[in-house]
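The primary structure of each chain is shown beneath.
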Amino acid sequence: MSELIIAPSLLSANSSNFAEAIISLRNLGCKWLHYDIMDGHFVPNLSFGPQVVKDLSSYGLYNDVHLMITDPVKYASKFIQAGADNITIHYEAIKDPILVQQQIRSMSKKPISVGLSIKPRTRIEDILDYVNYFDVILIMSVEPGFSGQEFLPNALYKIEVLRKYIDKHHLSTLIEVDGGINDTNIQQVKQKGADVVVSGKYLMTNDHPDQAIKYMLEC
Ligand code: DX5
Ligand code: ZN
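Procedures and definitions
- Residue indices follow the written sequence of each chain, beginning from 1 at its first position.
- Whichever chain is written first is A, and whichever ligand is written first is 1; the rest continue in order.
- In keeping with the predicted nature of the model, local features appear solely for residues at pLDDT of at least 70, side-chain atom pairs appear and are counted solely at 80 or more, and the whole-chain, interface and lining totals rest on all residues.
- The side-chain figures draw on all heavy atoms in the structure; neither hydrogens nor water molecules are used.
- Helix numbers and strand numbers start at the N terminus; a helix is a DSSP run of H or I with at least 4 residues, a strand a run of E with at least 2.
- Computation of the radius of gyration draws on C-alpha atoms alone. For the globule rule, the value is 2.2 Å times the number of residues to the power 0.38.
- Each residue is placed in one exposure class: buried if its accessible area under a 1.4 Å probe, protein chains only, is under 20% of its type's maximum, exposed if it is over 50%, and partly exposed if it falls in between.
- Throughout, a residue-residue contact means that at least one pair of heavy atoms, one from each residue, lies within 4.5 Å.
- Reported accessibility uses the Shrake-Rupley method at a 1.4 Å probe radius. Residues are deemed covered only where the shown protein chains occlude them.
- Only four residue types enter the charge count, namely Lys and Arg as positive and Asp and Glu as negative; His and the chain termini do not.
- Every charge is mapped onto a representative atom, which is NZ of Lys, CZ of Arg, CG of Asp or CD of Glu.
- By convention in this text, a residue qualifies as near a molecule or strand provided that one of its non-hydrogen atoms is within 4 Å of it.
- Each polar contact in these results corresponds to two N or O atoms within 3.5 Å; when the atoms are within protein, one needs to be able to donate a hydrogen and the other to accept it, and residues that are neighboring in sequence are counted only if both atoms are side-chain atoms.
- Here, a salt bridge means any side-chain nitrogen of Lys or Arg that lies within 4 Å of a carboxyl oxygen of Asp or Glu.
- A pair of strands is considered paired only if DSSP assigns at least 2 bridges between the two.
- The angle between two axes is taken between their N-to-C directions and runs from 0 to 180 degrees, where each axis is a line fitted to C-alpha atoms and a helix contributes only its stretch in contact.
- Detection works on a 1 Å grid of protein atoms alone, calling trapped sets that fit a 1.4 Å probe cavities and calling open sets with protein on both sides within 12 Å along at least five of seven lines pockets, with lining residues defined by an atom within 4 Å of a point.
- Grid points are joined across faces, edges and corners, and a volume is the space filled by probe spheres set on the points.
- For this classification, the nonpolar set comprises Ala, Val, Leu, Ile, Met, Phe, Trp, Tyr, Cys and Pro, the charged set comprises Asp, Glu, Lys and Arg, and every other residue, Gly included, is treated as polar.

J.: Just to check I follow, could you spell out the overall build of the protein chain for this structure?
T.: Along its length, the protein chain carries eight helices and eight strands. Since a compact globule built from 219 residues should have a radius of gyration of about 17 Å, the 16 Å found for the protein chain is in line with a globular shape. With respect to the principal axes defined by its C-alpha atoms, the protein chain has extents near 45 × 35 × 30 Å. In the protein chain, which comprises 219 residues, the share counted as buried stands at 50%. Looking at the protein chain alone, contacts between residues at least 24 apart form 66% of all its contacts between residues at least 6 apart. Taken as a whole, the protein chain presents about 10,400 Å² of accessible surface, with 49% of it coming from carbon and sulfur. Mean positive and mean negative side-chain charge positions of the protein chain (20 and 25 charges, respectively) differ by 4 Å.

As structure tokens, then:
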């Protein structure tokens, strides 16, 4: 199995120091950067728009854009133009996942990665028929909207079911897990089969981010 990908979440960084934070994460070996985009409607919070992605997308990290918004098709092209490498949409926000992933792919001049996310109360079984159409499945392990919440253990069951499904069908879809990941649960998240973990509060407010990354990779 390949090495775990850590995707630090910008939501937990101080916005006056975004560039500095990104450079230090890059120097610590991080390859991905996770942008939580919120519209105050799909989730009860607001965050940032395409301009922030545009300003930060040139730092050489893989720009992983998580759209927690009601109308992802309307805004996806703006984030693609801003430099998104992956666009993840929410299953709960759309009617037809197959159509929506086609629409998003058609907005991009170069091949783009597209992800499908589920909230904690959505069953993993409901999306298995769509896994084949997506590059990433993002399992939310907190209610979307805020960083610093506690990890919900029902995500572990979902990772396990999804891992078995992906392996059985020889798919290359990545399993990304997002919310409340820290040194008390990372081992289980990895054991169940996650490929990518989003890390907000644990990594971004850690006094020793180098040790936190080392622990996540080696535990
Ligand atoms: C929550 C976001 C997460 C969040 C993760 O809506 O999708 O990406 O920033 O932060 P932590 O790791 O603090 O839960
Ligand atoms: Zn996220």
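J.: Quick question: what am I supposed to make of the environment of I137 here?
T.: Relative to the assigned elements, I137 resides in strand β6 (residues 136-140). When the C-alpha positions of I137 and I118 are compared, they lie 8.1 Å apart, and in sequence the two are 19 residues distant. Residues contacting I137, with those up to four places away along its chain left out, are L116, I127, V131, L162, T173, L174, I175 and E176.

J.: What exactly am I supposed to notice about unusual backbone geometry here?
T.: Excluding glycine, residues mostly carry a negative phi; peptide bonds, for their part, are mostly trans. Phi is positive for H170, close to 55°, though the residue is something other than glycine. With respect to the element layout, H170 can be found in the loop between α5 (154-168) and β7 (174-178).

J.: Whenever I open this one, the site of ligand 1 confuses me. Can you help?
T.: For ligand 1, the set of nearby residues contains 20 residues, the closest of which are D36, G145, G148, D178 and G180. The separation between an oxygen atom of ligand 1 and a polar main-chain atom of G145 is 2.7 Å. At 2.8 Å, a backbone N or O of G148 approaches an oxygen atom of ligand 1. For ligand 1, whose free accessible area comes to 380 Å², the fraction covered by protein is 99%.

J.: Would you mind showing me how to read the pattern of salt bridges here?
T.: Where charged atoms from two side chains of opposite charge come close, those side chains can pair. With the rule as written, the count across this model stands at nine salt bridges. Beyond isolated ion pairs, a larger network of salt bridges with shared partners links E160, K164 and K192.

J.: Please clarify how the sheet that holds strand β8 (residues 196-199) should be interpreted in this entry.
T.: In a beta sheet, neighbouring strands pair by backbone hydrogen bonds and run either parallel or antiparallel. With parallel pairing, eight strands are arranged side by side in an open sheet as β1-β8-β7-β6-β5-β4-β3-β2. The open sheet terminates on both sides in strands that have one partner only, identified here as β1 (5-8) and β2 (32-38). Between one strand axis and the next, the sheet turns by 25° as a mean value, whatever way the strands run.

J.: What exactly am I supposed to notice about the layout of surface pockets here?
T.: Empty space among the atoms becomes apparent when a probe as large as a water molecule is rolled across them. The calculated volume of the largest pocket comes to roughly 360 Å³. Lining the largest pocket are 29 residues, with G148, Q149, G179, G180 and K201 sitting closest to its centre. Looking at the lining of the largest pocket, the elements with two or more residues in it are β2, β8 and α7 (201-204). Looking at the lining of the largest pocket residue by residue, the class counts come to eleven nonpolar, 13 polar and five charged. Empty space within the second largest pocket amounts to approximately 210 Å³. Every residue lining the second largest pocket is listed: E3, L4, I5, I6, L28, G29, C30, K31, W32, D210, I213 and L217. Contributing elements (two or more residues each) for the lining of the second largest pocket: β1 and α8 (209-218).

Nothing here speaks to function; it is all geometry.
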